[in-house]
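Inside the fold
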Amino acid sequence: MAQVEVKNISGQGVGSIELDDTVFGEKVHEHLLWEVVKWQQAKKRSGTSSTKMRGEVRGTNKKPYKQKGTGNARRGDVKSPIAVGGGIVFGPRPRDYSYTMPRKAKKKALRSALSLRLSEGKLVIVDDFQVEGGKTKNVIKALANLGAPHPAQKSLIVDSKENESLVRGAKNLTRSKWLAPEGLNVYDILNHETLVMTQATVKAVEEALRS
């Protein structure tokens, strides 16, 4: 098991914690990480692109002119696909872009992402992340004390939603964000340079990802 220093939000070392190798010692599977990120992004696609077919275009059903002798194309009404403003043939329709991903693959990818941040030295563990007054400036100060990137860069803070002062203070962060442990995902881990977790969160995540 890996030993990692535990800090308080002032940046001072207050102890250490042993990380479970079955979670934080996973081999980094780059292709699996890519697959899970692609799956997450596909789920977020709205799929609202839509065009009107002939039967949905507003207009009369009357034939605009006689079938022959006018030199115009032979068509039935103004809703014909060959008319300006008519229906669209084989145009985009609303669809669902999501697809399923095996549960074991998702867990393995999450363990891989956590192991990657640990191996890079970008995993910061704190004993507690109570923010005075629930103010954003105090969250930013705590991140700076912990050696996390400047607010212009990205940090991901993972702690329980019961920590209301942190949840409130993190709302106005421009690039960094807060996540509850149950919402931890591969995309957000990879999309932020530094991962900040509390001791309680680490234990909860380990428990969830062991099996």
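One structure accompanies this document, and this report is about it. Nothing here was measured: the structure is a model prediction, and the numbers come from that model.

**Points about the packing of aromatic side chains**
Tallying each qualifying case throughout the model produces zero aromatic pairs. Above the plane of the ring of Y187 lies K44, whose end atom (NZ or CZ) is 4.8 Å from the centre.

**Overview of helix α7 (residues 199-209)**
Taken residue by residue, α7 has T201, V202, V205, E206 and L209 as its buried positions. Seen from one end, α7 has its buried residues packed into an arc of 135 degrees, which puts them on one side. Along α7, exposed side chains directed more than 90 degrees from the buried face belong to A200 and E207. Contacts made by the buried residues of α7 are with β2 (13-19), α1 (21-24), α3 (103-119), β3 (123-126), β4 (155-158) and β6 (194-198).

**So, the sheet that holds β4**
If you trace the six strands from one edge of the open sheet to the other, you get β2-β1-β3-β6-β4-β5, paired in mixed fashion. Taken across any chain shown, the strands that pair with only one partner, and hence form the sheet edges, are β2 and β5 (177-179). Neighbour-to-neighbour, the strand axes of this sheet turn through a mean angle of 30 degrees, independent of strand direction. Note that strand β1 (residues 2-7) and β2 share six bridges and pair antiparallel. Note on β2: the bridge partner recorded for A2 is L19. Strand contacts of α3: β1, β2, β3 and β6, with the helix running at about 105 degrees to β6, the strand carrying the most contacts.

**Comments concerning the packing of α3 against α7**
Two quantities define a packed helix pair, namely the angle between the helix axes and the distance between the axes. Axis separation between α3 and α7 bottoms out at 10 Å; the angle between their running directions is 145 degrees. Both α3 and α7 take part in a crossing whose hand is left-handed. Counted together, K107, L110, R111 and L114 of α3 and V205, A208 and L209 of α7 form the full contact between these two elements.

**A closer look at helix α4 (residues 136-145)**
Taken as a whole, α4 has its buried residues at T136, V139, A142 and L143. Seen along its axis, α4 keeps its buried residues to an arc of 120 degrees; they face one direction. In α4, the exposed positions that point more than 90 degrees away from the buried face belong to K137, K141 and A144. Along its buried surface, α4 packs onto β4, α5 (164-170) and β6. At the C-terminal side of α4, G147 shows a positive phi close to 80 degrees.

**Observations concerning the environment of M53**
Position of M53 among the secondary structure elements: in the loop between α2 (30-44) and α3. Remark: the alpha-carbon pair of M53 and P92, spanning 39 residues in sequence, is separated by 10.0 Å. For M53, the contacting residues outside a window of four places in its chain are G87, I88 and R93.

**As for the pattern of salt bridges**
Summed over all chains, the structure comprises eleven salt bridges. Between E35 and K38 there is a salt bridge; the shortest N-O distance is 3.7 Å. Placement of the pair is E35 and K38 together in helix α2, with a separation of three residues, close to one helical turn. You can call E35 partly exposed: its relative accessible area is 23%. Overlapping salt bridges, with partners in common, bring together D20, K203, E206, E207 and R210 in one network.

**Here's the deal with the nonpolar core**
Counting 30 residues, the largest nonpolar core has L19, L114, I125, L184, V186 and M197 as the members making the most contacts within it. With sequence-adjacent residues up to four places away left out, L114 is seen in contact with V23, F24, L184, I189, L195, M197, V205 and L209. V139, A142, L173 and V196 belong to the second largest nonpolar core, which has 13 residues in total.

Definitions and cut-offs
Residues numbered from 1 in each chain as written. Predicted model: local features only at pLDDT ≥ 70, side-chain atom pairs only at ≥ 80, totals over all residues. Heavy atoms only, no water. Phe/Tyr/Trp six-rings, centres within 6.5 Å; stacked < 30°, edge-to-face > 60°. Lys NZ or Arg CZ within 6 Å of the ring centre and 35° of its normal. Buried < 20%, exposed > 50% of the residue type's maximum accessible area, 1.4 Å probe, protein only. Helix = DSSP H or I, 4+ residues; strand = E, 2+ residues; numbered from the N terminus. Arc of directions from axis to C-beta. Contact = heavy atoms within 4.5 Å. Pairing = 2+ DSSP bridges. Axes fitted to C-alpha atoms, helices over the stretch in contact; angles between N-to-C directions. Left-handed = near helix turned anticlockwise from the far one by under 90°. Salt bridge = Lys/Arg side-chain N within 4 Å of Asp/Glu carboxyl O. Core = buried A, V, L, I, M, F, W, Y, C linked by side-chain atoms within 4.5 Å.

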